[in-house]
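# What the coordinates show
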Amino acid sequence: DTAVSQTPKYLVTQMGNDKSIKCEQNLGHDTMYWYKQDSKKFLKIMFSYNNKELIINETVPNRFSPKSPDKAHLNLHINSLELGDSAVYFCASSQKDMFFYGYTFGSGTRLTVV
Amino acid sequence: AQSVSQHNHHVILSEAASLELGCNYSYGGTVNLFWYVQYPGQHLQLLLKYFSGDPLVKGIKGFEAEFIKSKFSFNLRKPSVQWSDTAEYFCAVIANSGNTPLVFGKGTRLSVIA
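Residues numbered from 1 in each chain as written. Chains lettered and ligands numbered in written order. Predicted model: local features only at pLDDT ≥ 70, side-chain atom pairs only at ≥ 80, totals over all residues. Heavy atoms only, no water.

Once that is clear, we can look at the overall build of chain A. When you go through chain A residue by residue, the secondary structure sums to zero helices and eleven strands. Moving toward the C terminus, one meets the helices and strands of chain A in the order β-β-β-β-β-β-β-β-β-β-β. Across its three principal directions, the C-alpha atoms of chain A cover 40 × 25 × 25 Å. Buried residues in chain A amount to 45% of all 114 residues. Just so you have it, chain A exposes about 5700 Å², and 49% of that area is on carbon and sulfur atoms. Positive and negative side-chain charges in chain A, numbering 13 and 11 respectively, have mean positions lying 6 Å apart. (Helix = DSSP H or I, 4+ residues; strand = E, 2+ residues; numbered from the N terminus. Buried < 20%, exposed > 50% of the residue type's maximum accessible area, 1.4 Å probe, protein only. Areas by Shrake-Rupley, 256 points an atom, 1.4 Å probe, with all protein chains shown as cover. Lys, Arg positive; Asp, Glu negative; His and termini not counted. Charge placed at Lys NZ, Arg CZ, Asp CG, Glu CD.)

Here it is, written out as C-alpha cells:
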C-alpha cells in the first residue's frame, strides 16, 4: 500500500491550460503539504493544510489553488499554466503533534508545460 | 524564519571513500533536523533525524549525522560510500513550535564512481 500517492506521475500540457494534481495519504496524518522542486532540485513549500484548514500559503501565484476535501486528500489545481510552472510537485503528509518524525513524501508529479 | 545552507553543490567520490556533507541552519529557537535522500527519478526518503538526546544520530544504509548546536550544524557522514549512494541529499530543518513547515537546503548531488 502506497502511503502518499499522487496522480498523475507525469503531466505534459500546453501553456494556458488548466490542470489538477491529486494527492491522497492513507497514514491517518492530519497535515498535508505541497512542495515544488525546480530544475535545480530546490524544494520550496507552497501550501499546507491541517484538518482541511489552510495553514501555510507561501508566495505562490493565485493561479495555484489547493483544495482539501478531507484530511486524507489535498489536490492542487493550476490555472492558465505557464512555462515557468514546469517542475516536479511533491505532496507530503505528517502528524502535526508528532512533526519531529518528519514528513512522508509522495513520488512526485513531473509537470512539463510546452 | 529558519533557513538551511548546504555548502557542497556537487561532490564526486570514488567507491570506499569517506563522505561528509555540510549543513548549517539559521534559527534562534529549538529545531528538529533531518537528512533526506532522493535517488535519481525517485521521491524523497528519510535517512535520519534528530530531535533530542544524543547529538550523534545513526540512520539507514550506514549514514550518521552529528548535531553541533554551537555551530548550528548537522553534517552527514558515511565512512565508506558505495556506487548505490549516488543521489541528491537534502538537509532540512523544522522549528519546534508553531506552524512553520519543513525547510530544505538546496541539496548536494553525490556522484560515486567505481
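All names here are of chain A. Pairing is antiparallel in the open sheet, where four strands are placed in the order β1-β3-β8-β7. Each having just a single partner strand, β1 (4–7) and β7 (64–70) make up the two edges of the open sheet. Put simply, the sheet's adjacent strands are angled 20° from each other on average, direction ignored. As paired elements, β1 and strand β3 (residues 19–25) share four bridges and run antiparallel to each other. The partner of Val4 across the bridge, within β3, is Gln25. (Pairing = 2+ DSSP bridges. Axes fitted to C-alpha atoms, helices over the stretch in contact; angles between N-to-C directions.)

Before going further, it helps to spend a moment on the state of the cysteines. For the structure shown, the criterion picks out two disulfides over all chains. Sulfur-sulfur distance for the disulfide between A:Cys23 and A:Cys91 comes to 1.9 Å. Taking the sign of the S-S torsion, about -80° here, the bridge from A:Cys23 to A:Cys91 comes out left-handed. Taken together, the positions of A:Cys23 in strand β3 and A:Cys91 in strand β9 (residues 87–94) put the pair 68 residues apart, joining distant regions of the chain. In this pair, the class of A:Cys23 matches that of A:Cys91, namely buried. With its sulfur 1.9 Å from that of its partner, B:Cys23 forms a disulfide with B:Cys91. Across the disulfide from B:Cys23 to B:Cys91, rotation about the S-S bond amounts to roughly -65°, and the bridge is consequently left-handed. Taken as a pair, B:Cys23 in the loop between β3 (19–21) and β4 (24–26) and B:Cys91 in strand β10 (residues 87–95) lie far apart in primary sequence, 68 residues in all. Comparing B:Cys23 with B:Cys91 shows no difference in burial state: the two are buried. (Disulfide = S-S within 2.5 Å.)

Residues and elements named next belong to chain A. By secondary structure assignment, the location of Thr109 is in strand β11 (residues 109–113). Within the structure, Thr109 has its side chain in polar contact with the side chain of Gln6 (distance 3.2 Å). Apart from residues no more than four positions distant in its own chain, Thr109 is found in contact with Gln6, Thr7, Pro8, Lys9, Ile21, Ala87, Val88 and Tyr89. (Polar contact = N/O pair within 3.5 Å; in protein donor to acceptor, adjacent residues only side chain to side chain. Contact = heavy atoms within 4.5 Å.)

Omega for the bond connecting A:Thr7 with A:Pro8 falls within 30 degrees of zero, at -5°, which places this linkage in the cis form. Mapped onto the fold, A:Pro8 is located in the loop between β1 and β2 (10–13). The phi dihedral of A:Lys52 falls on the positive side, at around 70°, and the residue is not glycine. Within the secondary structure, A:Lys52 sits in the loop between β5 (43–50) and β6 (53–57). Non-glycine residue B:Ala16 carries a positive phi angle of around 80°. As for its position among the elements, B:Ala16 is in the loop between β2 (10–14) and β3.

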